Amino acid sequence: MIGLPFLTRGRKAEAQIATAPAPRREPPVTAAMAAVEPSGTRDPAPWFGDLWAGGQSRVRSLPVVTPLAAQRHATVFACCNVIAGDLAKVPLRLYQRMGPSRAEPVVEHAATYLLNTESAPGVAARVARFALVYAFALRGRAYAFAPRDGAGELTLLDVIRPDLCAELRDGRARFYAFEDGAGVQRRAPSRAMVHLRYMAEDGWTGRSPLQVAAESVGLALAGQEAAARAASGVQMRAVLKMEDVYEDDEAWHRNARRVRNALIDPEANGIPIIGATDDIKSLDLSAADQQLLESRKFDREQIAAIYRVPPSKLQMLEHGVKANGQQQAIDYKTDCLLHWGGFVEAQLALGVLTEAERRAGLFFRHDYDALMQATTKERYDALKAAVGGPFLTANEARAEDGRAPVDGGERLNPAANMTRKEDSKTERTEDEV
């Protein structure tokens, strides 16, 4: 009986050893990581702001530029809305290269349906693509969960809120911890994720263009806040210095109300009547301050330049006229949409297509022709010239216009200065007769 407690104690120790959790596998702490000094929140180190906020100017009085704060500026929202809206409203087609200069569309693929019809149960593909590109333009990073079934087929494309996704690293491998659309906490590898990143210095960590140009954007936000305070009418207009010697508090408040009413009296014509010992110091904007705010009109041009959006696309009509609207549309496509759309196409191919499919020549391309809507006359003239060129058959031209094929329309017409061989034979036979 004396040895039982010791035996029981030994068995408990063995049980604790057997049920001990497995050691966590974490990346080793390198000398470079150990050399970084810790940072507090009261007086953070410079690297702390670059990592989290990323938008604190050297002028501490300017507001911190964060994506949520920056999108309150109408020009920032307009730029992101224009880029995401135009890339979402055009079809995103899947092609396969068949040669050095020819590509065929691929229809029977899960990505074609998920990116153009329904990305997730109850979520339209246009909504998902808009959310993905909007976060990509605003934050410089966007995520979507792209799982596969047992046969390797894509099942859905679930857009993840960037605030709810954390990037994990183990050597060159990347993992993502996030909450999916069903509210389930997941951890997925990079092959099951779509990770859009912009201005990634290391290839992985995306940066927002707003935070890179933090001082310029901070000036725009500060000017907007100053204009909002001036328009609200609740800011402090003046400081009143009154005599401290009064019979009681009621007399003090009575005199304060008298001076205040004199300041806001519309019949005073800007000349209030005050006491001999009263002193008023105006807090209104000076002429220099008003001129500074007036000069901040070019904030919208700077923000448009950050996003490569032409000013005319943001309804800044003083930068263009209707006569060169077509050229402005071409510049918008070449300078802006091809830039942002190229990043989207390349990184969607990495997350949605397998390596074997990419090696087989599959790639994504936005159909920008949907943006260049021609008039009926222009469309018919172009099709007539293509059929008579010859470039298209009659049935191909009818298909472009959404019409059914006709008999004999599959033949390619000869050039304008040429005739068909069978037609020439018919003419000779008639001459001989």
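Residues numbered from 1 in each chain as written. Predicted model: local features only at pLDDT ≥ 70, side-chain atom pairs only at ≥ 80, totals over all residues. Heavy atoms only, no water.

> Sorry, what's going on with the overall build of the protein chain here?
The number of helices and strands found in the protein chain is 17 helices and 13 strands. When burial is assessed residue by residue, the protein chain has 30% of its 433 residues classed as buried. Element-wise, carbon and sulfur atoms account for 55% of the exposed surface of the protein chain, whose accessible area totals about 28,800 Å². (Helix = DSSP H or I, 4+ residues; strand = E, 2+ residues; numbered from the N terminus. Buried < 20%, exposed > 50% of the residue type's maximum accessible area, 1.4 Å probe, protein only. Areas by Shrake-Rupley, 256 points an atom, 1.4 Å probe, with all protein chains shown as cover.)

> Would you take a moment to explain the sheet that holds strand S1 (residues 92-97) for this structure?
The strands making up a sheet associate through backbone hydrogen bonding, with each pair oriented either parallel or antiparallel. Judged by pairing direction, the sheet is antiparallel, and its three strands sit side by side in the order S2-S1-S13 without closing on themselves. On the outer flanks of this sheet lie strand S2 (103-105) and strand S13 (362-366), each paired with one strand and no other. Recorded for the sheet is a direction-independent mean angle of 40° between the axes of neighbouring strands. (Pairing = 2+ DSSP bridges. Axes fitted to C-alpha atoms, helices over the stretch in contact; angles between N-to-C directions.)

> Sorry, what's going on with the environment of Leu 164 here?
Following the sequence through the fold, Leu 164 ends up in the loop between strand S6 (158-160) and strand S7 (165-170). Taking the C-alpha atoms as reference points, Leu 164 and Phe 178, separated by 14 residues in sequence, lie 5.6 Å from one another. Leave out the neighbours within four places in its chain, and Leu 164 touches Ala 177, Phe 178 and Glu 179. (Contact = heavy atoms within 4.5 Å.)

> Mind showing me how you'd approach the sheet that holds strand S8 (residues 173-179) here?
In space, the three strands of this open sheet follow the order S7-S8-S9, with antiparallel pairing throughout. The sheet is open, and its two edges are formed by S7 and strand S9 (185-189), each paired on a single side. Strand-to-strand, the axes of this sheet are offset by a mean angle of 20°, without reference to chain direction. In the sheet, S8 pairs with S9 via five bridges, with the strands oriented antiparallel. By the bridge assignment for S9, Phe 175 is matched with Pro 189.

> Can you walk me through the packing of aromatic side chains in this structure?
Aromatic rings considered in pairs are described by the distance between their centres and by the relative angle of their planes. According to the stated counting rule, one finds eleven aromatic pairs in the structure shown. Judged by centre distance (5.6 Å) and plane angle (85°), the ring pair of Phe 136 and Trp 340 falls under edge-to-face. With Phe 136 in helix H7 (residues 125-139) and Trp 340 in helix H13 (residues 325-352), the pair connects residues that are 204 residues apart, well separated along the chain. Neither Phe 136 nor Trp 340 differs from the other in exposure class; each is buried. (Phe/Tyr/Trp six-rings, centres within 6.5 Å; stacked < 30°, edge-to-face > 60°.)

> Even after reading the chapter, I still don't get H7, so can you show me in this structure?
Across its 15 residues, H7 extends 21 Å between first and last C-alpha, which sits within 8% of the 21 Å expected from 1.5 Å per residue. Among the 15 residues of H7, eleven are classified as buried, and the element is accordingly described as predominantly covered. Inspection of H7 places Ala 125, Ala 128, Arg 129, Leu 132, Val 133, Tyr 134, Ala 135, Phe 136, Ala 137, Leu 138 and Arg 139 among the buried residues, and these make up the whole buried set. After H7 finishes, the residue Gly 140 shows a positive phi value of roughly 80°. (Expected span 1.5 Å × (residues − 1).)

> Any chance you could explain the pairing of S13 here in plain terms?
Successive side chains on a regular strand alternate, one facing one side of the sheet and the next facing the other. A large share of S13 lies buried, amounting to four of its five residues. Bridge count between S1 and S13: five bridges; the pairing is antiparallel. Within S13, the position partnered with Gln 96 by the bridge is Leu 362.

> Before we go on, may I ask you to explain the pattern of salt bridges in this structure?
Charged atoms that come close allow side chains of opposite charge to pair. Inspection of every chain in the model, using the stated rule, returns nine salt bridges. Here Asp 180 makes a salt bridge to Arg 186, at a shortest N to O gap of 2.7 Å. Residue Asp 180 is classed as buried on the basis of its relative accessible area, which comes to 9%. What makes Arg 186 partly exposed here is its relative accessible area of 37%. Taken together, the shared-partner salt bridges connect Asp 86, Lys 89 and Lys 313 into one network. (Salt bridge = Lys/Arg side-chain N within 4 Å of Asp/Glu carboxyl O.)

> Looking at this model, I keep getting lost on the nonpolar core. Mind explaining?
Soluble globular proteins tend to pack their nonpolar side chains together in the buried interior. Counting residues in hydrophobic clusters, the biggest one holds 54 residues, and the most contacted among them are Val 194, Tyr 307, Trp 340, Leu 348 and Phe 364. By residue number, the principal contributor to this core is H13, which donates eight residues. Ignoring any residue separated from it by four or fewer positions in sequence, one finds Phe 364 in contact with Leu 92, Arg 93, Leu 94, Ala 111, Leu 115, Glu 345, Leu 348, Ala 349, Val 352 and Leu 353. Ile 160, Tyr 176, Ala 188 and Ala 192 belong to the second-largest nonpolar core, a separate cluster that totals nine residues. (Core = buried A, V, L, I, M, F, W, Y, C linked by side-chain atoms within 4.5 Å.)

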